[in-house]
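Listed below, chain by chain, are the residues.
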Amino acid sequence: MSDAAEIGGFAEAVAAAISTIREIDTTGFEAAAIFVPTPSGGGTPKIFGHPQERVGRDSD
Amino acid sequence: MSNIEPAPAPATEPVSTYDSITQIAPKIERGELSPVELVEASLSRISQHDSGPHGLNAFLGVWSDQAIADARAAEKAISSGGYLGPLHGIPVGLKDLIDVAGRETTGGSKVLAGNIAKSDSRVAKKLRAAGAILIGKLNLVEFAIGTTGLNPTTGDVKNPWDRTHITAGSSSGSAAAVASGMIPAALGTDTGGSVRMPASLCGISGLKPTYGRVSRSGVLDLSWSMDHIGPMTRTTADCALMMNVLAGHDASDPASSHEPVPDFTSGFTEGLGSLKIGVPTDYFFSDSVDSEVLALVRTAIDLMSRNGAEIVELPMPWAEKGRAINLGVIICEVVAVHEKIISEHADLYTPAVRSRIQSGFNVSAIDYIRAQRARQWFNHHMAESMHQVDVLITPTVPIQTPTIADCTPSPGNPGGGLELPLFTGVFDVTGQPSHSVPCGFSTGGMPIGMMITGHPFDEVTVLRVGSAYETLTDWHQRPPADIPDVT
């Protein structure tokens, strides 16, 4: 089947979700997140798919 | 199922493949049960029930030789007085989003074929340190982007209770493997309900811990602000034993909590007395929920009331916004995670998952911020309601288990199952601990689950309620009819 047909169901759910979110009165809840610097040593953010760790196929 | 080494002959000693860790561990500690026999029994079970046209298709890879070698080492250590605790010698499977050193992490996708992890994820490392035997990787929805458990790339996972039905997902293989007695425990991940939904539909226990309680380090992202890793087991007590190993701060996960880690079994002797159980008066118990699901969950609540719990009815009209917020955040973060790779390798994604990701391309940054603000709004309301109770009890999913055919997309039909996460997704938004336990069966013989949700970082009370309920019922002890015990 085509992606467009598939998008029909899920994309509608996403659009409905965004519409619902827009209707919520979030007055007073504006600060969704505040960046706070932290000391070093907290680890390195993970890279999706770990491309730097690809060493070959699973041989098991 | 693929990448499976030949299984050894069945164990010479009878091992009940439906025994819980709580039942198995004392036998291993006393030397009455060999970890080698236990692992061989699991491998035999996997060989018998997972492959072929009628197989469950729960595993993507089984590490027979290494598992037996690890079991022999465990047996030797235990016989020398080196027993490490309840997971020592217990075979555990991992959803294939979770790195194990030297093993492929594919996310159930062609996109990551050949992606060998250089090191263990934090959870794999913790399981190894506790003496668990890592036995293989478990099937899932491609990149965990979906709720039915179907995956055209790796093959659909079948529900052990009726193989024409879905397991739900995305931790589909984890649920099927535990529910069929192949292994006593597995790890899943939960962003919209992917531990609890398949636990519910397959008749097992599944815990989504508090966000930040279990490290996500070495686990592929779906939606980083809502991703949780949790145990899937036969009983609530086993979830607690797993949590005793898995929980704790990890500096390599930016969201990892510094909260003290309790003994997650510590509430088990207290029963239900003095606990206030909140029962929402709307949304989770609305007329749109399947009537059999409602009846079974209400019966469970009545039982807990008769055994000492105080029932508090809670209006929660705002709860109906929860899944929308959950999906609104997920879709933005999943696009951010996949944007670069899908632009380069779109053809390697299955059409369904590719289209789900693409459906987020037109969601704006301001909508993402709106979703995060709505999340704060939602959490405020949830905290006010939770202030009145110790836990909430709700159905885990609002519908009965659909068939695989019902959920398979076809021209003009996007496929069913979109209702599955309506309840579970609420608690990924709030990050509260949330646990599914079996509470009965439909007239069609499929398991129905009940969800117990507690205050942030109070998994002890959630597990206490689940354990107390399991002492009053035997739903969790019933195996699927056509997958009998070997003893």
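About the criteria used
Residues numbered from 1 in each chain as written. Chains lettered and ligands numbered in written order. Predicted model: local features only at pLDDT ≥ 70, side-chain atom pairs only at ≥ 80, totals over all residues. Pairing = 2+ DSSP bridges. Helix = DSSP H or I, 4+ residues; strand = E, 2+ residues; numbered from the N terminus. Axes fitted to C-alpha atoms, helices over the stretch in contact; angles between N-to-C directions. Contact = placed C-beta atoms within 7 Å. Buried ≥ 20, exposed ≤ 12 C-beta atoms within 10 Å, placed from the backbone. Right-handed = clockwise from strand over helix to strand, strands pointing away. Core = buried A, V, L, I, M, F, W, Y, C linked by C-beta atoms within 7 Å. Parallel < 35°, antiparallel > 145°, perpendicular 65-115°, else oblique. Left-handed = near helix turned anticlockwise from the far one by under 90°. Nonpolar A, V, L, I, M, F, W, Y, C, P; charged D, E, K, R; others polar.

## A short note on the sheet that holds strand 5 (residues 205–208) of chain B
All names here are of chain B.
- Overall, mixed pairing links the 11 strands, which are arranged 1-3-2-4-6-5-10-11-9-7-8 in an open sheet. A single partner strand is all that each edge strand has here, and the edge strands are strand 1 (59–62) and strand 8 (310–314). Geometrically, the sheet is characterised by an average inter-axis angle of 30 degrees between neighbouring strands, direction not taken into account.
- For strand 10 (residues 434–441) and strand 11 (residues 447–454), the ladder comprises seven bridges, and the chain directions are antiparallel. Residue pairing in the sheet places G440 in a bridge with I448 of strand 11.
- Strands strand 2 (91–95), strand 3 (133–138), strand 4 (185–190) and strand 6 (228–233) of the sheet are contacted by helix 4 (residues 122–129), whose axis makes an angle of about 150 degrees with strand 3.
- In this fold helix 5 (residues 172–179) packs onto strand 1, strand 2, strand 3, strand 4 and strand 6, with an angle of close to 155 degrees to the strand it touches most, strand 4.

## Some thoughts on the pairing of strand 3 of chain B
All names here are of chain B.
- Across the six residues of strand 3, six count as buried, placing the element largely inside the fold.
- Here three bridges tie strand 1 to strand 3, and the two strands are oriented antiparallel to one another. Following the sheet pairing, F59 is matched in strand 3 by L138.
- When strand 2 meets strand 3, the two strands line up parallel, connected through five bridges. When the sheet's bridge partners are listed, K95 is paired in strand 3 with L138.
- Read from strand 2 through helix 4 to strand 3, the crossover connection turns out right-handed.

## Notes on the nonpolar core
All names here are of chain B.
- Counting 152 residues, the largest nonpolar core has V92, I133, L134 and A186 as the members making the most contacts within it.
- At 10 residues, the largest contribution of residues to this core is made by helix 9 (residues 322–345).
- Once you skip the residues sitting within four places of it in the chain, L134 turns out to touch W63, V92, L94, V100, A124, L127 and R128.

## A closer look at the packing of helix 2 (residues 35–49) of chain B against helix 3 (residues 64–79) of chain B
Residues and elements named next belong to chain B.
- One way to put it is that helix 2 packs onto helix 3 with a least axis distance of 8 Å and a crossing angle of 160 degrees. With respect to each other, helix 2 and helix 3 are oriented roughly antiparallel. Note on packing geometry: the crossing formed by helix 2 with helix 3 is right-handed. Across the interface between the two elements, P35, V36, V39, E40 and L43 from helix 2 touch S64, A67, I68, A71, R72, A74 and E75 from helix 3.
- When the residues that make up the contact of helix 2 with helix 3 are grouped by side-chain class, the tally is eight nonpolar, one polar and three charged.

Interpretation note: all reported values are geometric properties and have no functional meaning in isolation.
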